2 protein chains.
Amino acid sequence: MNSTQVVLGIDIGGTNTVFGLVDENGKTYYKREIPTEANLPADLLFLRLFKAFNSDFKNLQHELELVGIGVGAPSANFFTGTIENPSNFNWGRVNVVKIISEYYSLPALVTNDANIAAIGEMVYGTAKGLDNFILITLGTGLGSGIVVNGDVVYGSDGFAGEIGHTIVEENGRHCNCGRKGCLETYVSASGICRTVFELLAVHNDKSILREFSFDSLTSKLIQQSAMSGDKIANLAFEITGEKLGKALANSVAHLSPEAIILFGGLALSGDLLITPVKKHLEENLLSIYKGKVKVMTSSLMESENAALLGAASIIWKELGGGKTLSNSELKTKNANLHQLK
Amino acid sequence: MNSTQVVLGIDIGGTNTVFGLVDENGKTYYKREIPTEANLPADLLFLRLFKAFNSDFKNLQHELELVGIGVGAPSANFFTGTIENPSNFNWGRVNVVKIISEYYSLPALVTNDANIAAIGEMVYGTAKGLDNFILITLGTGLGSGIVVNGDVVYGSDGFAGEIGHTIVEENGRHCNCGRKGCLETYVSASGICRTVFELLAVHNDKSILREFSFDSLTSKLIQQSAMSGDKIANLAFEITGEKLGKALANSVAHLSPEAIILFGGLALSGDLLITPVKKHLEENLLSIYKGKVKVMTSSLMESENAALLGAASIIWKELGGGKTLSNSELKTKNANLHQLK
């Protein structure tokens, strides 16, 4: 009867949805992937998901006790339990927590990918023990999860933490948000591609990147070119790091964090990105902050189950913050979480 | 024996230090001002201050019970209780809380002017009931107090909240901090004077402001000129509001606050400043934040004892957050605060 407590983590992506069971130490007991089919209503995704999960869980429930469900999704709001008009989804505004409650009477929480990564990092990763840090996700766009005093900052409406949409260049590059000059138009997988095209137009240097169309260029190609010594590719990383370092200096002036953690594809470029970020952050910091702010890459990211761990971590964070709880403590916390819903 | 509980608030300024007794409802029972003599050691200020206070308090202590001491000072650190190298003070690094403990065995807390104003606003003013807001002080410089989930954000080292030192213009105006383009070089009493001088150089319009030297121009003169229809003065307010509105749009993208509260001399310009701030904030907000963020002026500021109320409020905030506490609750809280020290 000494079953292991696990959380069902669900990571909803534009193409696929991954779900699985994770204990409070980050051990994954089960993992499965289904197509999201984002053009169809959200109800149908959860219908397929829970049908598959319930069938699989029958073989696991003698040894595992499900204590909660954590969901990571684009445009998700922690306060309301909703996902709101994510781009590339045909969902509109969907109350995910409510849908889940039709299947399970368990604590269920949802938040966006960047906050999930920040919490995952606190519960399982680099940020264990850190109370004040900023996590930056570098994917197609730039997401951010801000942690103050050990908690994610959700702001007044659940939508805080959009550092990717701070404007860093007046009348700068057009952003998908409808404005111009947002940080993510410069610092993201797509941003660095745009920078390469600017550089190819300005410079005469030979570059392997001249062989690619805008549509075929990827940040991975730029990374490979940079590592093989391509000047344009290296310059693109230097410029991207400079933009991010300078923007983060302004974020530090707001929040004075202990660390900034980089997560996602571009962060895997390692020193190519981190070195200029550190340099330009440090150069642009107000003197009282100089030498105090660490810049690190995510350790959660190294796990093949990073997204799953992140999604599960939001429940573990609320239940015990990484500490082992007795069953009675867990029951009390569970009850409170239910009220929170 | 039913004495009223009061906090000794101390506001240390470059020229004068004001101190007085304030109850949890913001009623002031006593107030006195002495010269700071910032060129002499801090110990001497507190020696003079407590000598004066103790002598005065003899006549008050039959009806008032002193429960704590709150200090507002430039470059003060809440965590360490220190004041660190404030400009125009010959103090170096001084542990104010330690000095106070040599006189009184009472909870003592210190923080900087902008945080004091933010807490004062929460306990006594416009921000009562607000959990997420940003307070901006517009004096010679631009200070900021950031409140998240009902608490001031101090960051990892006690030095968070320097929005005045976010860089808004690359290679912009020289700042006293040694860098260039900081927000406070544009948006502050001195910033608007610099803007007027730029405008006088560019435009040909007649202006009463052409009669003043750089050293004699004040933000008050600009305000009076603007109200009497001076074009340059009005343009200077428009530009100042635009800079602040745009910068705050980036702060909102970090924190999603319910409100932004303006405090200090320039904020008294009323619509001259608030109107362009609101306009440019709103225009530059990411769509999810549009129409959500109030811009208001401080109501604390209207009290002639604003600085005193602010200084006292940091103790009342810790003791009871504006709620009336029973004596036993107060004793427990007091004990905890002592441990906090």
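Residues numbered from 1 in each chain as written. Chains lettered and ligands numbered in written order. Predicted model: local features only at pLDDT ≥ 70, side-chain atom pairs only at ≥ 80, totals over all residues. Heavy atoms only, no water.

*Asks:* Please clarify how the overall build of chain A should be interpreted in this entry.
*Replies:* Each helix and strand counted, chain A has nine helices and 13 strands in total. Rg of the C-alpha trace for chain A: 21 Å, near the compact-globule value of 20 Å for 341 residues, within the 12% margin. Considering only C-alpha atoms, chain A reaches an extent of 70 × 45 × 35 Å along its principal axes. Considering chain A as a whole, with its 341 residues, one finds that 59% of them fall into the buried category. Across chain A, the fraction of contacts at a sequence separation of at least 24, relative to all contacts at a separation of at least 6, is 62%. For chain A, the accessible surface area stands at approximately 14200 Å², while carbon and sulfur atoms represent 49% of it. Averaged over its 29 positive side-chain charges, chain A has a centre that lies 1 Å from the centre of its 35 negative ones. (Helix = DSSP H or I, 4+ residues; strand = E, 2+ residues; numbered from the N terminus. Rg over C-alpha atoms; globule rule 2.2 N^0.38 Å. Buried < 20%, exposed > 50% of the residue type's maximum accessible area, 1.4 Å probe, protein only. Contact = heavy atoms within 4.5 Å. Areas by Shrake-Rupley, 256 points an atom, 1.4 Å probe, with all protein chains shown as cover. Lys, Arg positive; Asp, Glu negative; His and termini not counted. Charge placed at Lys NZ, Arg CZ, Asp CG, Glu CD.)

*Asks:* It is not clear to me how the nonpolar core should be interpreted in this structure. Could you clarify?
*Replies:* It is characteristic of soluble globular proteins that their nonpolar side chains tend to be buried jointly. One finds Phe133 and Ile222 of chain A together with Phe133 and Ile222 of chain B to be the most contacted residues of the largest nonpolar core, which totals 164 residues. Those residues in contact with Phe133 of chain A, other than ones at most four positions away along the chain, are Ala118, Met122, Ala127, Gly145, Ile146, Val147, Pro257, Ala259 and Ile261 of chain A. (Core = buried A, V, L, I, M, F, W, Y, C linked by side-chain atoms within 4.5 Å.)

*Asks:* What should I look at first to understand the pattern of salt bridges in this one?
*Replies:* Any two side chains of opposite charge can pair, given that their charged atoms come close. Counted according to the given criterion, the structure contains 20 salt bridges over all chains. Ionic pairing is found between Asp151 of chain B and Lys317 of chain B, a salt bridge with its closest N-O pair at 2.9 Å. One end of the pair, Asp151 of chain B, is in strand β11 (residues 151-152); the other, Lys317 of chain B, is in helix α8 (residues 306-319), and 166 residues separate them in sequence. In this structure Lys317 of chain B comes out as buried when scored by relative accessible area, which is 18%. Between Glu242 of chain B and Lys246 of chain B there is a salt bridge, and its shortest N-O distance comes to 2.8 Å. Placement of both Glu242 of chain B and Lys246 of chain B in helix α6 (residues 231-255) is noted, with a separation of four residues, approximately one turn of the helix. One salt-bridge network, held together by shared partners, links Glu170 of chain A together with Glu242 and Lys246 of chain B. (Salt bridge = Lys/Arg side-chain N within 4 Å of Asp/Glu carboxyl O.)

*Asks:* Help me out: how do you make sense of the interface of chain A and chain B in this one?
*Replies:* Often the size quoted for an interface is simply the accessible area lost on bringing the parts together. Chain A puts 35 residues into the contact, and the matching count from chain B is 35 residues. When the two sides are added together, the surface that chain A and chain B hide from each other amounts to roughly 3000 Å², 55% of it contributed by carbon and sulfur. Connecting chain A to chain B are four salt bridges. Residue Asp157 of chain B pairs with Lys292 of chain A through a salt bridge whose shortest N-O separation is 2.7 Å. There are 22 residue pairs in polar contact (both at pLDDT 80 or more) connecting chain A and chain B. Going through the elements one at a time, β10 (142-148) and α6 (231-255) of chain A are the ones with two or more residues in the side of chain A that touches chain B. Tallied by class, residues from the side of chain A that touches chain B come to 16 nonpolar, eleven polar and eight charged. (Buried area = accessible area lost by both parts, 1.4 Å probe. Polar contact = N/O pair within 3.5 Å; in protein donor to acceptor, adjacent residues only side chain to side chain. Nonpolar A, V, L, I, M, F, W, Y, C, P; charged D, E, K, R; others polar.)

*Asks:* Whenever I open this one, the sheet that holds strand β3 (residues 28-35) of chain A confuses me. Can you help?
*Replies:* Residue and element names in this part refer to chain A. With respect to topology, five strands assemble into an open sheet ordered β3-β2-β1-β4-β8, the strand pairing being mixed. Among the strands making up the open sheet, the edge pair consists of β3 and β8 (108-111). Averaged over all adjacent pairs, the angle separating strand axes in this sheet is 20°, with direction ignored. In this structure, strand β1 (residues 4-12) lies alongside strand β2 (residues 16-22), joined through six bridges in antiparallel fashion. Within the sheet, the bridge partner assigned to Val7 lies in β2 and is Val22. In this fold helix α1 (residues 42-57) packs onto β1, β2, β3 and β4 (64-72), with an angle of close to 145° to the strand it touches most, β3. (Pairing = 2+ DSSP bridges. Axes fitted to C-alpha atoms, helices over the stretch in contact; angles between N-to-C directions.)

*Asks:* So what exactly am I meant to see when it comes to the pairing of strand β13 (residues 294-297) of chain B here?
*Replies:* Side chains on a regular strand alternate between the two faces of the sheet. In the sheet, strand β12 (residues 259-263) of chain B pairs with β13 of chain B via four bridges, with the strands oriented parallel. Bridge assignment links Leu262 of chain B to a residue of β13 of chain B, and that residue is Thr297 of chain B.

*Asks:* Which parts of the structure should I look at to understand the side chain of Thr137 of chain A?
*Replies:* Among the secondary structure elements, Thr137 of chain A is positioned in strand β9 (residues 133-138). With residues near it in sequence (within four places) discarded, Thr137 of chain A still touches Ala114, Ala117, Leu142, Gly143 and Phe263 of chain A.

*Asks:* Is there a simple way to think about helix α7 (residues 271-284) of chain B in this case?
*Replies:* Each turn of an α-helix holds 3.6 residues, which means side chains three or four residues apart point in the same direction. All names here are of chain B. Given a rise of 1.5 Å per residue, 14 residues ought to cover 20 Å, and the 19 Å separating the end C-alpha atoms of α7 matches this to within 8%. Listed as buried for α7 are Leu272, Leu273, Ile274, Pro276, Val277, His280, Leu281 and Asn284. Summarising the contacts, the buried residues of α7 are in contact with β9 (133-138), α5 (219-227), α6, β12 and β13. (Expected span 1.5 Å × (residues − 1).)

*Asks:* Where do I start with the state of the cysteines in this structure?
*Replies:* Covalent bonding between the sulfur atoms of two cysteines is what defines a disulfide. Residue and element names in this part refer to chain B. Per the stated rule, a full pass over the model turns up zero disulfides over all chains. Here Cys177 stays free of any disulfide, with the sulfur of Cys175 as its closest cysteine sulfur at 3.7 Å. Cysteine Cys182 remains unbridged, with the sulfur of Cys177 as its closest cysteine sulfur at 3.7 Å. For Cys182, a relative accessible area of 0% gives the class buried. (Disulfide = S-S within 2.5 Å.)

*Asks:* Please clarify how the sheet that holds strand β5 (residues 76-77) of chain B should be interpreted in this entry.
*Replies:* Within a sheet, each strand pairs with its neighbour through backbone hydrogen bonds, oriented either parallel or antiparallel. Residues and elements named next belong to chain B. Strand order across the open sheet formed by three strands is β5-β6-β7, with antiparallel pairing between neighbours. This sheet does not close on itself; its edge strands, each paired only once, are β5 and β7 (93-95). Examined bridge by bridge, strand β6 (residues 82-84) and β7 share three bridges and lie antiparallel to one another. When the sheet's bridge partners are listed, Ile83 is paired in β7 with Val94.

*Asks:* I would appreciate a short explanation of the packing of α6 of chain B against α7 of chain B in the present structure.
*Replies:* When two helices pack together, you describe them by how their axes are tilted relative to each other and by the distance separating the axes. All names here are of chain B. At a minimum axis distance of 7 Å, the contact between α6 and α7 shows a crossing angle of 40°. Relative to α7, the element α6 is oriented oblique. The handedness of the crossing between α6 and α7 is right-handed. Counted together, Asn234, Phe237, Glu238, Thr240, Gly241, Glu242, Leu244, Gly245, Lys246, Leu248, Ala249 and Val252 of α6 and Leu272, Leu273, Pro276, Val277, Lys279, His280, Leu281 and Asn284 of α7 form the full contact between these two elements. Taken together, the residues of the contact of α6 with α7 break down into ten nonpolar, six polar and four charged. (Parallel < 35°, antiparallel > 145°, perpendicular 65-115°, else oblique. Left-handed = near helix turned anticlockwise from the far one by under 90°.)

*Asks:* Looking at this model, I keep getting lost on unusual backbone geometry. Mind explaining?
*Replies:* Peptide bonds are mostly trans, and most non-glycine residues show a negative phi. Residues and elements named next belong to chain B. Here Glu37, not a glycine, exhibits a phi torsion of approximately 50°, which is positive. Take Glu37: it is sitting in the loop between β3 (28-35) and α1 (42-57). Overall, Glu37 belongs to the partly exposed group, its relative accessible area being 35%.

*Asks:* I would appreciate a short explanation of the side chain of Lys317 of chain B in the present structure.
*Replies:* In terms of polar contacts, Lys317 of chain B uses its side chain to reach the backbone carbonyl oxygen of Gly150 of chain B, at 2.9 Å. Once residues lying within four places of it in the same chain are set aside, the contact partners of Lys317 of chain B are Ile119, Met122, Val123, Gly150 and Asp151 of chain B.

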